[in-house]
Amino acid sequence: MDILAQVLDRIRLSGTLLFHFELGHPWRLELPQRPYALFHYLSQGSATLAVGQEQEIQMTGGDFVVITRGEPHVFYSDRRAEPLRITDIDRLSPRLGFVRHGGRAKPLSTMLCGNFTVSRPLFASVMELLPPVLLLKPTADRGWLEAILRRLISESATERPGQRVALSRLTEVLFVEVLRSWIASLSPGQGGWLGAISDPHIGPALKLIHENPELPWTLSDLGQRVGLGRSVFSARFTKLVGQSMHRYVIERRMAEAAFLLETSDEPIARIASKVGYETAAAFSKLFHRHHGVSPGRYRISRRSDGGERQGDFQGAALAD
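> Would you mind showing me how to read the overall build of the protein chain here?
A count of helices and strands for the protein chain gives 12 helices and 11 strands. Taken over C-alpha atoms, the radius of gyration comes to 22 Å for the protein chain, in line with the 20 Å a tight globule of 320 residues would show. If you line up the protein chain on its principal axes, its C-alpha atoms span 70 × 45 × 35 Å. Looking at the protein chain residue by residue over its 320 residues, the buried ones come to 50%. In the protein chain, of all internal contacts separated by at least 6 residues, the share reaching a separation of at least 24 is 77%. In the structure as shown, the protein chain presents an accessible area of about 15,300 Å², 52% of it carried by carbon and sulfur atoms. For the protein chain, the distance from the average site of its 39 positive side-chain charges to the average site of its 33 negative ones is 2 Å.

Right, here's the structure in full:
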């Protein structure tokens with residue numbers, strides 16, 4: 001099992017490009033809080049990114065940044081410039097908007113902006129593990145980034161049948177590649193279970209848990225399967241994943257149960273058995289504690305809104 005592929009498939013990741021900016025000094029862009037991640041690719045020039053009151057990042061051509069929590073942020077060449085405020089991001093047509101902003105003085109900067117959305121928030125642990133601001137600098141093997149972005153631009157430029165699906169799939173590939181680059185940059189103990197996937201002992205243990213969450217896993221069982229003693233395995237798992245093995249197994253079971261409730265018509269008792277609980281009562285009690293609602297109510301609520309609480313955007317609008 002490819003754990004990352006499974007999780008990304010289940011969270012229903014999608015997204016698209018929103019704007020292609022051409023920016024002449026002096027310029028300033030202000031982006032409001034959004035309920036999804038925003039990404040920006042500075043293809044040319046330079047910019048200062050300010051997130052919150054204290055964090056400022058100097059960006060140069062080729063830098064790619066993801067604001068993973070959708071926090072308010074500002075880009076500028078001159079903080080005193082008249083701002084262009086991007087508001088009401090849910091109402092313009094989904095076609096890529098080309099925007100010219102700022103003065104006529106050099107240096108000119110060009111920037112692509114888009115979003116990553118998640119339609120199953122309960123499975124959004126990938127987003128939660130990422131830092132609030134994820135910055136990727138140009139490297140020798142980053143040709144994939146420009147290739148994907150060029151394709152996104154060409155796909156956005158002309159309205160054709162299947163355009164929305166194509167943009168969503170391309171953005172999904174973009175996110176996977178960004179995630180791979182970030183994971184490769186992590187030091188041991190960083191990134192929670194995402195970082196632990198590549199560990200020679202904890203990675204196989206995570207795979208076993210994901211493949212069979214219903215089994216009564218113990219520290220001794222898993223430790224033996226991956227070649228570590230109980231205490232060493234326990235300490236290593238907690239250090240790299242950021243939580244105990246026992247807690248991780250419970251969260252994995254609850255995530256699997258939520259997925260089955262949303263996507264299948266199987267009885268709750270059957271789902272309880274599939275995720276390792278002998279009785280529906282014991283399962284329902286733990287599910288309610290974990291998700292805040294009973295399994296039955298969870299199923300009804302997810303079916304009633306189609307599981308599309310977060311990802312069904314239409315584009316963006318501009319306001320001065």
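Having seen the structure, we can now continue with the description.
> So what exactly am I meant to see when it comes to the pattern of salt bridges here?
If charged atoms from side chains of opposite charge come close, those side chains can pair. Taken as a whole and judged by the stated rule, the model has 17 salt bridges. Arg302 is paired through a salt bridge with Glu262; the nearest N and O atoms lie 3.4 Å apart. Here the residue Arg302 occupies a position in helix α12 (residues 295-304), and Glu262 occupies one in helix α9 (residues 245-263), the gap between them amounting to 40 residues. In this structure Arg302 comes out as buried when scored by relative accessible area, which is 4%. Here Lys274 and Glu266 are joined by a salt bridge, their closest N and O atoms 2.8 Å apart. Since its relative accessible area comes to 32%, Lys274 is described here as partly exposed. Three or more residues are tied together by salt bridges with common partners; here these are Arg10, Arg252 and Glu256.

> Looking at this model, I keep getting lost on helix α8 (residues 230-241). Mind explaining?
Each α-helix winds once per 3.6 residues, and so residues spaced three or four apart point in a common direction. Between its first and last C-alpha atoms α8 spans 16 Å; for 12 residues at 1.5 Å apiece the expected length is 16 Å, and the two agree. Along α8, the positions that sit buried rather than exposed are Phe233, Phe237, Leu240 and Val241. All buried residues of α8 project into a common sector of 80° when viewed along the axis, lining one side. Facing away from the buried side of α8 by over 90 degrees, the exposed positions are Ser231 and Lys239. Buried residues in α8 make contact with α5 (192-196), α6 (202-211), α7 (219-226) and α9. Positive backbone phi, at 90°, marks Gly242, one or two positions downstream of α8.

> Looking at this structure, how should I read helix α11 (residues 280-291)?
Taking 1.5 Å per residue, 12 residues should reach 16 Å; α11 reaches 16 Å between its end C-alpha atoms and fits that length. Those residues of α11 that sit buried are Phe283, Leu286, Phe287 and His291. Looking straight down α11, one finds its buried side chains confined to an arc of 115°; they lie on one side. Exposed and oriented more than 90 degrees from the buried face of α11 are Ala281, Lys285 and Arg289. Gly292, located one to two residues past α11, shows a positive phi value of around 85°.

> For this particular structure, what's the right way to read the pairing of strand β5 (residues 55-60)?
Consecutive side chains of a regular strand alternate in pointing toward one face of the sheet and then the other. Pairing of strand β4 (residues 46-51) with β5, which is carried by 6 bridges, proceeds in the antiparallel orientation. Across the sheet, Ala50 pairs through a bridge with Glu56, a residue of β5. The turn linking β4 back onto β5 is made up of 3 residues, and Gly52 within it adopts a positive phi angle of 70°.

> What exactly am I supposed to notice about the packing of α6 against α7 here?
Each pair of packed helices gets described by two things: the angle between the helix axes and the distance between those axes. At a closest axis distance of 9 Å, the pairing of α6 and α7 adopts a crossing angle of 125°. Considering the angle they form, α6 stands oblique to α7. Relative to α7, the crossing made by α6 is right-handed. For the pair formed by α6 and α7, the contact residues are Pro204, Ala205, Leu208 and Ile209 on the first element and Leu222, Arg225 and Val226 on the second. Residue classes in the contact of α6 with α7 are distributed as 6 nonpolar, no polar and 1 charged.

> Would you mind going over the sheet that holds strand β7 (residues 73-76) with me for this structure?
Consider a sheet: its strands pair through backbone hydrogen bonds, and that pairing is either parallel or antiparallel. Across the sheet, which stays open at both edges, the 5 strands sit in the order β5-β4-β7-β2-β8 with mixed pairing between neighbours. For this open sheet the edge positions go to β5 and β8 (84-85), each flanked by a neighbour on one side alone.

> Is there a simple way to think about the sheet that holds strand β1 (residues 13-25) in this case?
Reading across from one edge, β9-β1-β10-β3-β6-β11 is the order of the 6 strands in this open sheet, with mixed pairing throughout. Of all strands in the sheet, those bounded by a partner on one side alone are β9 (97-102) and β11 (133-136). Strand-to-strand twist of the sheet, defined as the mean angle between neighbouring strand axes without regard to direction, takes the value 20°. When strand β3 (residues 37-44) meets strand β6 (residues 63-67), the two strands line up antiparallel, connected through 5 bridges. The residue bridging Leu38 from the neighbouring strand is Ile67, located in β6.

Reading the values: rules and limits
- Residues numbered from 1 in each chain as written.
- Predicted model: local features only at pLDDT ≥ 70, side-chain atom pairs only at ≥ 80, totals over all residues.
- Heavy atoms only, no water.
- Helix = DSSP H or I, 4+ residues; strand = E, 2+ residues; numbered from the N terminus.
- Rg over C-alpha atoms; globule rule 2.2 N^0.38 Å.
- Buried < 20%, exposed > 50% of the residue type's maximum accessible area, 1.4 Å probe, protein only.
- Contact = heavy atoms within 4.5 Å.
- Areas by Shrake-Rupley, 256 points an atom, 1.4 Å probe, with all protein chains shown as cover.
- Lys, Arg positive; Asp, Glu negative; His and termini not counted.
- Charge placed at Lys NZ, Arg CZ, Asp CG, Glu CD.
- Salt bridge = Lys/Arg side-chain N within 4 Å of Asp/Glu carboxyl O.
- Expected span 1.5 Å × (residues − 1).
- Arc of directions from axis to C-beta.
- Pairing = 2+ DSSP bridges.
- Axes fitted to C-alpha atoms, helices over the stretch in contact; angles between N-to-C directions.
- Parallel < 35°, antiparallel > 145°, perpendicular 65-115°, else oblique.
- Left-handed = near helix turned anticlockwise from the far one by under 90°.
- Nonpolar A, V, L, I, M, F, W, Y, C, P; charged D, E, K, R; others polar.

Shape descriptors only; they carry no functional weight alone.
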